[in-house]
Amino acid sequence: MISIAIPTGVLLQGSLDLLRRSGVVELDREEIGRKLLVEKDGLRVVLVRPADVAAYVDYGSADLGVVGKDQLWESPGPHYELVDLCFGGCVLVLAAPEASPLDDPETWPPAMRVATKYPRATAAFMERMGQTVEMVRLHGSVELAPQLGLVDAIVDLTASGRTLRENRLRVVAEVGHSTARLIANQASLKTRTEALQELVTRLRAHVS
Amino acid sequence: MRATQEAVLAEMRRWGYRYVVTPSLENLDALALGLEADQRRRLFKLSDGDGSLLALVGERTVPVARLAAGKLRTAPLPLRLCYAGPVLTNDPDRFTRRREAHQVGAELIGASGSVADAEVIAMAARCLEAAGLHGYQVDVGHSGFFQGLLDGLELPPESKSGIKALLARRDFVGLEAMLEQTPLRSAEHELLLRFPALRGQADILEAAGKLVRNRRSEQALEELSRVHTLLGAYGLGETVNLDLGAIRDFDYYTGVIFEGYGQDLGSPLAQGGRYDRLLGRFGRPAAATGFMVHLDLVGEGLRRSGRAPELIRLDAAVAWSAAGLDSALRLGASLRLFGMRAVVDTQARGQAAARAWAAGLGARHLLRVEAGGLVGWAPAGGRLRRLPAEQVVARLAGGS
């Protein structure tokens, strides 16, 4: 039996829609939310936290996974990233208070202090820009940090930009674009090739 | 684990591979030659008295290559060598993987060509079998196939290294985006995107052959075809799949590459391939191919399928009453002389206490030496009988 891990949160509905649209399995949001593991139509669907999808897939406990690219930036592993599922789009941005002098990279201080939930993506971006950075790893409400003078700027995910505006922050630079991705375990691709390829092809064909 | 290691080494010996012992601590620069950047970062490093950097071995092919180019420099090629031992890697990633893992491996040094490739792949398959795994499979690919495709792309070198990096990360979404920006869209581009799906039996070679138009990829397909035929002669046709999408370190491997997979395990159990450039870096240029088996993963596979090797049981627990110690020691010695595993107690015990002690040891037989030289003999869970010591030894040696 093929198993697929799907994430709780903003990508859940899109994942269920895709599975239904492609005729793979029709699942009710309440049902999967209650049971966390549902076996139906020859497929095992497990519901896990967004940050945990890659772990289930990398260890082979799930053959496939739906996960935001933002999570993959932080969880590199031996999985195959197969398909851009094109939903759940958002942007990882470097943002600073409206009144901040931060603008073009020339205006950035010699060493910038940045708060983020995405230390790997931030480090890679700053290295590309040649910017020395001091990172404060926060776990929530990152927007608060610059207002209280903890950091110069934040690197955080935004879909509409509303949270940023509400906290009087503006975008200084784009770090990366994220959408939902379909990932696969490396060994499953070898040991269950046909079943997996068929499923991947069906899902790929129904990406909107 | 020890039993699995012994089983694999015994199989390697049957193929004429000589066991070598290599150091666990190596010069960092030397070790780095055989490793990807990511693997280099994960080595445990320390500095020597003179300030040079050392590292604990994270794999053992490089130490074996150094041995073949150093101490065994005058030994005639080809050399068939095998090894076993721990490898140590630091893991700064999100998972806390075990830092000490166990590998058994073999290297065939100084032999190029498909016959040598097939020998090593066939031996790898037989090693997985010897370890007790059922339902394993071996995927065989070729690093030259991808290199040829890449050479054929009309792209600036920086884009090519970008493609390599994306493939190394197995990021096909990124790869597709990158290839879409290139002006040319040929059958070879399509092939790059279908990379992970290029897998199956001999027919895929033909299908791929129609799509590639560069000498290097064609040559890779020819070599794979020969190796596949030879593996059929080894009786491994069913076990082996051809996998043009095999992704391994592109700069290190120079030819046929392969991986062994078990059922329901998320990562490869065995990995190997041809690395013709490594030995030259140590001053003795020679073609080479080899593989290693990840013992910890094999153990996991065996446990999951309920085939974990049984712990070796004790044949006899020899207990004694106050007057019987000398006889007990002699009895233990006689049993060992007949090849049995025997433990002699360190203190005198009564019959009931002796039974509990023997059961705790998991011994097949309890022998309790009593005053007057008679031995009380009780098979595990069986009835007690009293016999002279020689008769007990004779019966146990006879297999009762």
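None of the values given here were measured: they were computed from a predicted structure. (Residues numbered from 1 in each chain as written. Chains lettered and ligands numbered in written order. Predicted model: local features only at pLDDT ≥ 70, side-chain atom pairs only at ≥ 80, totals over all residues. Heavy atoms only, no water.)

Comments concerning the packing of helix 14 (residues 325-337) of chain B against helix 16 (residues 389-397) of chain B
Residues and elements named next belong to chain B.
- With their axes 10 Å apart at the nearest point, helix 14 and helix 16 run at an angle of 25° to one another. As far as their axial angle goes, helix 16 and helix 14 are roughly parallel. The chirality of how helix 14 crosses helix 16 is right-handed. Packed against helix 14, whose contacting residues are Leu331, Ser334 and Leu335, the element helix 16 presents Ala389, Val393 and Leu396 at the interface.
- Of the residues contributing to the contact of helix 14 with helix 16, the split by class is five nonpolar, one polar and no charged. (Axes fitted to C-alpha atoms, helices over the stretch in contact; angles between N-to-C directions. Helix = DSSP H or I, 4+ residues; strand = E, 2+ residues; numbered from the N terminus. Parallel < 35°, antiparallel > 145°, perpendicular 65-115°, else oblique. Left-handed = near helix turned anticlockwise from the far one by under 90°. Contact = heavy atoms within 4.5 Å. Nonpolar A, V, L, I, M, F, W, Y, C, P; charged D, E, K, R; others polar.)

A word on the layout of surface pockets
Residues and elements named next belong to chain A.
- Volume-wise, the second largest pocket comes out at about 1100 Å³.
- For the lining of the second largest pocket, the elements supplying multiple residues, two or more each, are helix 4 (69-74), helix 5 (119-129), strand 9 (153-158) and helix 7 (162-166).
- Examining the composition of the lining of the second largest pocket, we find that four residues originate from one element, helix 7, more than from any other.
- By residue class, the composition of the lining of the second largest pocket is 14 nonpolar, 14 polar and 13 charged.
- When residues of the lining of the second largest pocket are assigned to domains, at least three map to each of domain 1 (2-88 + 179-205) and domain 2 (90-176). (1 Å grid on protein atoms, 1.4 Å probe; cavity = no way out; pocket = protein on both sides within 12 Å on 5 of 7 lines; lining within 4 Å. Points joined across faces, edges and corners; volume = space filled by probe spheres on them. Domains from an automatic or database assignment.)

Concerning the domain arrangement of chain A
Residues and elements named next belong to chain A.
- Its domain assignment divides chain A into domain 1 (2-88 + 179-205) and domain 2 (90-176).
- Distance from the C-alpha centre of domain 1 to the C-alpha centre of domain 2: 30 Å.
- Listed as interface residues are five residues of domain 1 and, on the opposing side, eight residues of domain 2.
- Roughly 640 Å² of surface becomes buried between domain 1 and domain 2 when both sides are summed, with 60% attributable to carbon and sulfur atoms.
- Of all residues in domain 1, Asp70, Trp73 and Glu74 bury the most surface against domain 2, accounting for 76% of the area lost on that side.
- Viewed at the interface, domain 2 and domain 1 are joined by zero salt bridges.
- For the interface between domain 1 and domain 2, the tally reads four residue pairs in polar contact (both at pLDDT 80 or more).
- Looking at the side of domain 1 that touches domain 2 residue by residue, the classes come out as two nonpolar, one polar and two charged. (Buried area = accessible area lost by both parts, 1.4 Å probe. Salt bridge = Lys/Arg side-chain N within 4 Å of Asp/Glu carboxyl O. Polar contact = N/O pair within 3.5 Å; in protein donor to acceptor, adjacent residues only side chain to side chain.)

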